[in-house]
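# Survey of secondary and tertiary structure
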There are 2 protein chains.
Amino acid sequence: LNRIKASGLKLRFCTNETQATREKFVKKLQGMGFDISVAEVTAPAPAACRILKERSLRPHLLVHNDLVPEFAEIDKANPNCVVIGDAAENFTYANLNEAFRVLIGMEKPVLISLGRGRYYKETDGLKLDVGAYMKALEYACDVQAEVVGKPAKTFFESALAEMGVSPQQAIMIGDDIVNDVGGAQRCGMRALQVRTGKYRSVHTLHPALR
Amino acid sequence: LNRIKASGLKLRFCTNETQATREKFVKKLQGMGFDISVAEVTAPAPAACRILKERSLRPHLLVHNDLVPEFAEIDKANPNCVVIGDAAENFTYANLNEAFRVLIGMEKPVLISLGRGRYYKETDGLKLDVGAYMKALEYACDVQAEVVGKPAKTFFESALAEMGVSPQQAIMIGDDIVNDVGGAQRCGMRALQVRTGKYRSVHTLHPALR
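Summary of the structure given here. These numbers come from a predicted model, not from an experiment.

Further remarks concern the sheet that holds strand 4 (residues 81–84) of chain B. All names here are of chain B. Reading across from one edge, 3-4-5-8 is the order of the 4 strands in this open sheet, with parallel pairing throughout. This sheet does not close on itself; its edge strands, each paired only once, are strand 3 (59–62) and strand 8 (146–147). Sheet analysis places strand 3 next to strand 4, joined by 4 bridges and oriented parallel. From the neighbouring strand, histidine 60 faces strand 4, where its bridge partner is valine 82. Contacting strand 3, strand 4 and strand 5 (111–113), helix 4 (residues 93–104) runs over the sheet at an angle of about 160 degrees to strand 3. Across the face of the sheet, helix 5 (residues 130–141) comes into contact with strand 4, strand 5 and strand 8 while running at roughly 170 degrees to strand 5.

Another point: the sheet that holds strand 4 (residues 81–84) of chain A. Picture the strands of a sheet paired through backbone hydrogen bonds; they go either parallel or antiparallel. Residues and elements named next belong to chain A. In space, the 4 strands of this open sheet follow the order 3-4-5-8, with parallel pairing throughout. Looking along the sheet, the strands with just one partner apiece sit at the ends: strand 3 (59–62) and strand 8 (146–147). Seen against the sheet, helix 3 (residues 44–54) touches strand 3, strand 4 and strand 5 (111–113) and runs at an angle of roughly 155 degrees to strand 5. Each of strand 3, strand 4 and strand 5 touches helix 4 (residues 93–104); the most contacted strand, strand 3, lies at about 160 degrees to it.

In total, this model carries 22 salt bridges over all chains according to the counting rule given. Aspartate 180 of chain A serves as the salt-bridge partner of lysine 150 of chain A, at 2.9 Å between the closest nitrogen and oxygen. Here the residue lysine 150 of chain A occupies a position in the loop between strand 8 and helix 6 (153–163), and aspartate 180 of chain A occupies one in helix 7 (residues 177–186), the gap between them amounting to 30 residues. One exposure class covers both lysine 150 of chain A and aspartate 180 of chain A, and it is buried. The shortest N-O distance in the salt bridge between arginine 50 of chain B and glutamate 162 of chain B comes to 3.3 Å. Here the residue arginine 50 of chain B occupies a position in helix 3 (residues 44–54), and glutamate 162 of chain B occupies one in helix 6 (residues 153–163), the gap between them amounting to 112 residues.

Take the packing of aromatic side chains next. Going through the model one piece at a time under the given rule, you end up with 8 aromatic pairs over all chains. Both rings, one in phenylalanine 155 of chain A and one in phenylalanine 156 of chain A, keep their centres 6.2 Å apart while their planes meet at 85 degrees; by these two values the pair is edge-to-face. Side by side, phenylalanine 155 of chain A and phenylalanine 156 of chain A carry an identical accessibility label, which is buried. Look at phenylalanine 91 of chain B and tyrosine 133 of chain B: their rings are 3.7 Å apart centre to centre, the planes differ by 15 degrees, and that puts the pair in the stacked class. In this pair, phenylalanine 91 of chain B is assigned in the loop between strand 4 and helix 4 and tyrosine 133 of chain B in helix 5, connecting sequence segments 42 residues apart. We classify phenylalanine 91 of chain B as buried; its relative accessible area is 0%. Of the aromatic side chains, those joined through ring pairs into one cluster are Phe91 and Tyr133 of chain A together with Tyr93 of chain B. Just above the ring of tyrosine 139 of chain B sits the side chain of arginine 118 of chain A; from NZ or CZ to the centre is 4.5 Å.

About the thresholds
Residues numbered from 1 in each chain as written. Chains lettered and ligands numbered in written order. Predicted model: local features only at pLDDT ≥ 70, side-chain atom pairs only at ≥ 80, totals over all residues. Heavy atoms only, no water. Pairing = 2+ DSSP bridges. Helix = DSSP H or I, 4+ residues; strand = E, 2+ residues; numbered from the N terminus. Contact = heavy atoms within 4.5 Å. Axes fitted to C-alpha atoms, helices over the stretch in contact; angles between N-to-C directions. Salt bridge = Lys/Arg side-chain N within 4 Å of Asp/Glu carboxyl O. Buried < 20%, exposed > 50% of the residue type's maximum accessible area, 1.4 Å probe, protein only. Phe/Tyr/Trp six-rings, centres within 6.5 Å; stacked < 30°, edge-to-face > 60°. Lys NZ or Arg CZ within 6 Å of the ring centre and 35° of its normal.

Written as structure tokens, this is what we have:
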């Protein structure tokens, strides 16, 4: 990372983190010794905010409390779409019904999902990720969610636009063959898989090719 | 109903009710003046119990509290499948994660769903039905649920077996073009749609034909 920065190459950190603001995320990485600032981070919530503004959408939020500040500047009165993230403890029966009612009340329901993960591991065990709840709302409302975040093409395009470079000029470095490598390649970028983090040897082949 | 009974024809009441035991369901209908007994009711929970026994499955239950007594005789220790019904207030974040962990911990996850409804209306508004939560678990575990209840073929077959008649000898009477009429017809029965209950004129065509 330090060598990339020293070389003068443009750089973005692309994360699917939706349980915390970029500020919190960056502070955590800085604490680990990484040279990183908020302005260098591409994350699903700001990407969603861009879409909301472009299309004059006013979201009903079903997200983690710690993510709400990312939507501070967005008009949320009289919602005409639902934004779902990994809401964790906020995934209550009442909150899910409320989000559903907002969606089903629309002539053409708009559901924006900050990721499509199935599940993840925490210290106290496996947890359902946002993708599962996205599927529940998709089925109930007979609608297809627009997914923001890796591996969505629009997410990589945002990062490229922020750097002002074309896909051909960029390389994605990550440990996830689907979300990092596959997503970037589908966007016309080259990609490099590191053999650290969640990497396992079985992961060198994209699931679609196994 | 009284004329069918007086004629000596065999009769079953087929319901997708999964928020109460058959006892409670029957008491409600008796209170409305219907001549009905528990032994005449085919419902998803007993149908699921039959499957559980046949295949030596021990369920982890994610169902409404009032439905639990239907599973009283079923061994639930060391579960090797998950049974999901319309659990309503029991659809908590913790309970969903727990059901998910049981499923994902199996070599070949078995998910049995007491219906596939999308949503329904109660006095305090629309609620997500069991189908939405079924989809969430299906997606998270990459598994397909086995649906018990109308319009599943096995459900109508259970009712026929209980009466000891073939599909050709039976007629289904109901107000729902998909769950009652379509399900029965796919099972080889004839079916009659009443123009009462949830019937609307648009419902005379099955959605697949609209």
